[in-house]
Amino acid sequence: MEFRVLGPVEAHTSGRRVEIGHAIQRSVLAVLLFDLNRVVPTERLIDRVWGEEPPASVRNLLYGYMGKLRAALAGTGGAALTRRAGGYQLEVAEDHVDLYRFRGQVAAAAAAHDDATRAECLRAAIKEWRGPALAGLDGAWLRTMRDTLELQRLAAVLDFNDVLLRQGQHGSLIGDLTEQAASYPGDERIAAQLMVALYRSGRQPDALRWFEQTRRKLSEEFGVDPGTELTSLHRQILRRDDALLLAAPAASVPTPRELPADVPQFTGRSTELVVLGRLLGRPGPGVCVISGTPGVGKTALAVHWACLTADDFPDGQLYANLRGYDPGQPVPTADALAGLLRALGLTGPDVPEDLGERAARYRSLLAGRRMLILLDNAGSAEQVRPLLPGSGGCLTLVTSRDSLAGLVARDGAHRLQLDPLPPADAVTLLRALIGDRVDRDPEAAAGLADHCSRLPLSLRVAAELAAARPATPLAALADELAGQQGRLDLLSAGGDPGTAIRAVFSWSCKHLDQAAALTFQLISVHPGPAVDEYAAAALTGLAPAQAGAILRQLAGAHLIHPLAAGYGLHDLLRAYGSDLAADLPGAELTLALTALFDFYRSATAHAMDLLLPETTGRRPPVSPPASPLPPVTDKASARQWVDANLANLIAVIGHAAGHDWPGHAFDLASTLFHDLEYSGRYSELLAIHEHVLAAARRHGNLREQAEALHNVCVVYLRRGNYDLAGRNLEQALGLYHELAETLGQARAHGNLGILDYVLGRYTQATEHQESALKLFVSLDDQPGQVRALVNLSLIESRQGHYLPAKEHATEALAGGTRANSIRFEVSALHSLGRVNTRLGEHAQAESQFRRSHELSTEAGDPTAQADALGGLGELAQRQCSYDEAATYYLRMLDLSRQTGYRAGEAEALNGLGESQLSRGRPGHARIEHAAALAIAEQLGDSYQQERAHLGLASAHEADGEFGQASRQRS
């Protein structure tokens, strides 16, 4: 048996509704349900149902109604209506009444410890409502209860809104919030939620306009001004306060676990561990700077404590090696932020380009989470400051040789100075590493620890060498190390702990065989963060199996350490190894690095042959390297290799461009170009081509300058930065003409045509595409011809020239099929679908859009997927299937925002506005078209601007606002 009061008062059993009589009888049942399982006095029943003036025969009437209710409920099971002394009692389990289920879910949400549970409970509570409570019933008490329940419902809805806002679902909330704000124009909490949702969706002007509308409503209808909270929010939006972006990430955001492995046999540091433990539970975003001399164990302490306290950070741990004291350049803060954002779930296109925007997005994603961030090997406070969270819940550990006094003074960081291990702890560490030999000669062990300056890194390297020579007494080893240190002291004037470390490194390396010693020196000059057996083989000329064995030997000696993509070096060891490598003959070192860069260039080209075979003709030809390539045999292994080595490849490009290998830098950047473009890694694309462009200008290489300018412009086109795209393209085209480079001219004309098309300059766009087509035909370049034909079709279709547009699209589709290129076939199908939509050939258009979406999904091209969804949305809209159109446009909007496809976002918003208007929702339509207009104006997209203005005009007309409509149309 189930009873309902959150809507019409009803009773149901076994899926059918029980007839419970007319309005007064339902009112009696409602009163009993509100005092469920308790005796309701007869006088109270009469007062609540009939009010202050009941009829004279009211008790007889009540008795009759109770009899009818008992009869209606008889035999249904689960409910009993009985007469008690002085009144009546309805006995039903509370979970059989929607009111009590609603209140139970609200209470569960209030008691929940996480937003996911709160959202689930509140969603279930709100679903209990079927309309206004006690619908169709009248009476003073019933009206009061209806109003009270409505306030409870509204409170649950607003709590649910808050949870969704914290989860980052502001975009999907805007429509519902707009309706709620229209229903409750004086509710400042709803107004605030809508303003936050609009602002977080990039719609600051709309958020500010809503505040003005709310302020006028409060003043005109209630004679009051907005409260302090709403006024403060208005000021925050005006100044673009980063705190407003602090929305908790959606449930789909991964939980990163990025900490390096804990150090084996960690010893000592009990006092420091206690100090770190006191940071737990303190209010605000905690920051602790662990500083000390190189090799003192700063990273080991931070990692060990982080592993011990992992359960205190349920949302995960982030790790970034800032390489502040590596021989090469420290990691730029913008690059470090990009890596942290990707670890927090952002895809490449979603990572903002601007440093400040990256930092704000980073703080937003951390808000409401409890995470540990380990920033290792920091070089300066300026490098670290943008990487700090902006709100409580997170703890940041920073390790640095510097005390980073600026972080302590300005950012309130705690300082933890790490000194060498106490003598007893140093000996204990040696005992853990080499066993009871320490106890057999404690004096020698103490001497060995002193010669290592009681630095954990030195102790571990020395202990590994001692373990490898079990027959040699510790005293002899200590004397040997003392002699080695004395020699270095004479050379360096001694006196600082660095000398002790160099002594230990030198002593350890002296016992390596020749091949291992040379390998250590050469991998120290590898510009990337990781080296595997194939890269080591390229550097050394050894076979990969032999190089792998040596890497394992070096790892066993604690000279390198394992990473996911191979092996890495502590910055001190890298610096030491680089110093040793500097003593090698210059020609030998140059040959080794050249072989390494040859290897990466060839391995990347081989991976691209598998991943993007259709781009082979667009990439520099590459000869096989002298060293073997990794076993990459299919798309899956190619994808895995590129992803694992991308950081190495970017570092290699930067090093090669800045030194004597500009050709390698250019070839490698060009080889990576299409893969990075299609996957939306625009930040990486810009970085590597800036290196290449600088090198090309420095060496006077015009062709490489032109290619770099052209490739950068593609990123700007994707990002909607049309001004920069145009300037770069004009420069590239001029250089291609100077070089008589026909293919380059064709590609530049094609992209200039796309730029003019987006900006509404159709005559110039057509001229550029026709020039491109003519040049591609002269080169017999089939892919280029397909691209130019598709672009011509789009331009003609935009102008209403559908028959020539269809001819060009059909020709492009045939060419794409002949070229066996999925991507070109996708673009041709999309163009043909658009033309057929406008020609009314809807069945053909739908088939073409669906095939385009299927192929673009297979090719992993999210931009083309979004375009196909937009085509299906337009088709559904033209066929008056407005709900279906909205579904397609919403999918397009989500995908466009995920990939940073701004033009697609504007198109999707305009499509949503049109579908909203067609469904009789002009208010919603205005919101969508206004958002589309803001993006289109930012991009300079004249077509979407015009479409947005027309949509806004139509929405105003639907609301009778003809003056507003006229202004939009003008």
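Residues numbered from 1 in each chain as written. Predicted model: local features only at pLDDT ≥ 70, side-chain atom pairs only at ≥ 80, totals over all residues. Heavy atoms only, no water.

*Asks:* I would appreciate a short explanation of the overall build of the chain in the present structure.
*Replies:* Counting secondary structure elements, the chain contains 44 helices and 13 strands. With respect to the three principal axes, the spread of C-alpha positions in the chain is 115 × 80 × 55 Å. For the chain, buried positions account for 53% of its 970 residues. Taking contacts inside the chain between residues at least 6 apart in sequence as the whole, the part at least 24 apart equals 66%. Of the accessible surface of the chain, which amounts to about 40,500 Å², a share of 51% is contributed by carbon and sulfur atoms. On the chain, the mean spot of the 93 positive side-chain charges and the mean spot of the 114 negative ones are 5 Å from each other. (Helix = DSSP H or I, 4+ residues; strand = E, 2+ residues; numbered from the N terminus. Buried < 20%, exposed > 50% of the residue type's maximum accessible area, 1.4 Å probe, protein only. Contact = heavy atoms within 4.5 Å. Areas by Shrake-Rupley, 256 points an atom, 1.4 Å probe, with all protein chains shown as cover. Lys, Arg positive; Asp, Glu negative; His and termini not counted. Charge placed at Lys NZ, Arg CZ, Asp CG, Glu CD.)

*Asks:* What's the story with unusual backbone geometry in this structure? I'm lost.
*Replies:* Even without being a glycine, Asn37 presents a positive backbone phi close to 65 degrees. Its place among the elements puts Asn37 in the loop between α1 (23-34) and β4 (40-41). At Leu134, a position not held by glycine, the phi torsion is positive, near 55 degrees. Assignment of secondary structure puts Leu134 in the loop between α5 (115-127) and α6 (140-166). Classification of Leu134 as buried rests on a relative accessible area of 0%.

*Asks:* What's the story with the pattern of salt bridges in this structure? I'm lost.
*Replies:* Between side chains of opposite charge, pairing is possible as soon as their charged atoms come close. Taken as a whole and judged by the stated rule, the model has 41 salt bridges. For Glu150, the salt bridge is made with Arg153, and the minimal N-O distance between the two is 2.7 Å. Placement of the pair is Glu150 and Arg153 together in helix α6, with a separation of three residues, close to one helical turn. Residue Arg342 is joined to Glu684 by a salt bridge in which the shortest nitrogen-to-oxygen separation is 2.6 Å. On the criterion of sequence distance, the pair formed by Arg342 in helix α13 (residues 333-343) and Glu684 in helix α30 (residues 682-699) is long-range, its members being 342 residues apart. Looking at Arg342, the relative accessible area reads 27%, which means it is partly exposed. The exposure class of Glu684 is buried, given its relative accessible area of 8%. Bridged by salt links that share partners, the residues Glu2, Arg4, Glu10, Arg17, Asp98, Arg101, Glu128 and Arg130 form one connected network. (Salt bridge = Lys/Arg side-chain N within 4 Å of Asp/Glu carboxyl O.)

*Asks:* Can you walk me through the side chain of Arg48 in this structure?
*Replies:* Topologically, Arg48 is positioned in helix α2 (residues 42-50). Classification of Arg48 as buried rests on a relative accessible area of 18%. Within the structure, the side chain of Arg48 is placed 3.2 Å from the side chain of Asp35, a separation counted as a polar contact. Among residues more than four places away in sequence, those in contact with Arg48 are Val31, Asp35 and Trp141. (Polar contact = N/O pair within 3.5 Å; in protein donor to acceptor, adjacent residues only side chain to side chain.)

*Asks:* It is not clear to me how the packing of aromatic side chains should be interpreted in this structure. Could you clarify?
*Replies:* For any pair of aromatic rings, the description rests on two quantities: the centre-to-centre distance and the angle between the ring planes. All chains considered together, the criterion is met by six aromatic pairs. Between Phe102 and Trp129, the ring centres sit 5.7 Å apart and the planes meet at 85 degrees, which makes this aromatic pair edge-to-face. Here Phe102 is found in helix α4 (residues 98-111), whereas its partner Trp129 is found in the loop between α5 and α6, with 27 residues between them in sequence. On the basis of relative accessible area, Trp129 is assigned to the buried category, the value being 11%. (Phe/Tyr/Trp six-rings, centres within 6.5 Å; stacked < 30°, edge-to-face > 60°.)

*Asks:* Would you mind going over the nonpolar core with me for this structure?
*Replies:* A general trend in soluble globular proteins is that nonpolar side chains are found buried together. Formed by 119 residues in total, the largest nonpolar core has its most connected members in Phe520, Ile523, Leu554, Leu559, Tyr600, Trp641 and Ile653. Tallying contributions element by element places helix α27 (residues 586-611) first for this core, with eleven residues. Beyond its immediate sequence surroundings of up to four residues, Tyr600 is in contact with His526, Ala530, Ala535, Trp641, Asn645, Asn648, Leu649, Val652 and Leu668. Met1, Leu33, Trp129 and Val163 belong to the second largest nonpolar core, which has 78 residues in total. (Core = buried A, V, L, I, M, F, W, Y, C linked by side-chain atoms within 4.5 Å.)

*Asks:* Would you mind showing me how to read the environment of Gly870 here?
*Replies:* Looking at the secondary structure, you find Gly870 in helix α39 (residues 862-878). Gly870 sits 36 residues away from Arg834 along the chain, and the two C-alpha atoms are 9.7 Å apart. Look past the residues within four positions of Gly870 in its chain and what remains in contact with it is Arg834, Tyr889, Met892 and Glu907.

*Asks:* Explanation requested: the confidence of the model for the chain in the structure shown.
*Replies:* Any region with low pLDDT has predicted coordinates that should not be read closely. For the chain, mean pLDDT is 84; residues scoring 70 or higher make up 92% of the total. Low pLDDT, under 50, characterises residues 247-252; the predicted model gives this stretch 16 contacts beyond four residues in sequence or across chains. Every residue in residues 487-499 is under pLDDT 50, and counting partners more than four places away or in other chains gives 13 contacts. (pLDDT = per-residue confidence, 0-100.)

*Asks:* Mind showing me how you'd approach the sheet that holds strand β7 (residues 286-292) here?
*Replies:* In sheet architecture, strand pairing relies on hydrogen bonds along the backbone and comes in two forms, parallel and antiparallel. In space, the five strands of this open sheet follow the order β8-β9-β10-β7-β11, with parallel pairing throughout. At either margin of the open sheet sits one strand with a lone partner, and together these are β8 (317-321) and β11 (414-418). Each strand of the sheet is rotated relative to its neighbour by a mean of 15 degrees, with strand direction disregarded. Sheet topology places β7 next to β11; five bridges connect them, and they run parallel. Looking across to β11, one finds that Ser291 is bridged to Gln417. Contacts from helix α11 (residues 270-277) reach β7, β10 (395-400) and β11 within the one sheet, and its direction differs from that of β11 by about 170 degrees. (Pairing = 2+ DSSP bridges. Axes fitted to C-alpha atoms, helices over the stretch in contact; angles between N-to-C directions.)

*Asks:* So what exactly am I meant to see when it comes to the packing of α4 against α5 here?
*Replies:* Between two packed helices, what matters for the description is the angle formed by their axes and the separation of those axes. Where α4 contacts α5, the axes come no closer than 8 Å and their chain directions differ by 165 degrees. In terms of orientation, α4 and α5 fall into the roughly antiparallel class. Handedness of the crossing formed by α4 with α5: left-handed. Residues Phe102, Gln105, Val106, Ala108 and Ala109 of α4 pack against Arg118, Cys121, Leu122, Ala124 and Ala125 of α5. Among the residues forming the contact of α4 with α5, the class breakdown is eight nonpolar, one polar and one charged. (Parallel < 35°, antiparallel > 145°, perpendicular 65-115°, else oblique. Left-handed = near helix turned anticlockwise from the far one by under 90°. Nonpolar A, V, L, I, M, F, W, Y, C, P; charged D, E, K, R; others polar.)

*Asks:* How do you make sense of the sheet that holds strand β3 (residues 16-18) when you look at a structure like this?
*Replies:* Pairing is antiparallel across the open sheet formed by three strands, whose spatial order is β1-β2-β3. Unpaired on one side and paired on the other, β1 (2-4) and β3 mark the two borders of the sheet. The sheet shows a mean angle of 35 degrees between the axes of neighbouring strands, taken without regard to direction. The sheet contact formed by β1 and strand β2 (residues 10-13) spans three bridges and is antiparallel. Counterpart to Glu2 in the pairing with β2 is His12.

*Asks:* Can you walk me through α2 in this structure?
*Replies:* Working note: α-helix, 3.6 residues per turn, so residues spaced by three or four point in the same direction. Those residues of α2 that sit buried are Thr42, Leu45, Ile46, Arg48, Val49 and Trp50. Packed against the buried residues of α2 are α1, β4, α3 (58-73), β6 (87-92) and α6. Positive backbone phi, at 80 degrees, marks Gly51, one or two positions downstream of α2.

*Asks:* Where do I start with the environment of Ala482 in this structure?
*Replies:* Here Ala482 shows up in helix α21 (residues 474-492). Remark: the alpha-carbon pair of Ala482 and Cys452, spanning 30 residues in sequence, is separated by 9.4 Å.

*Asks:* What should I look at first to understand the environment of Cys713 in this one?
*Replies:* You can see Cys713 is positioned in helix α31 (residues 702-719). Sequence separation between Cys713 and Ile190 is 523 residues; the distance between their C-alpha atoms is 43 Å. Not counting residues up to four positions away in its chain, the partners in contact with Cys713 are Ala725, Asn728, Leu729 and Asn751.

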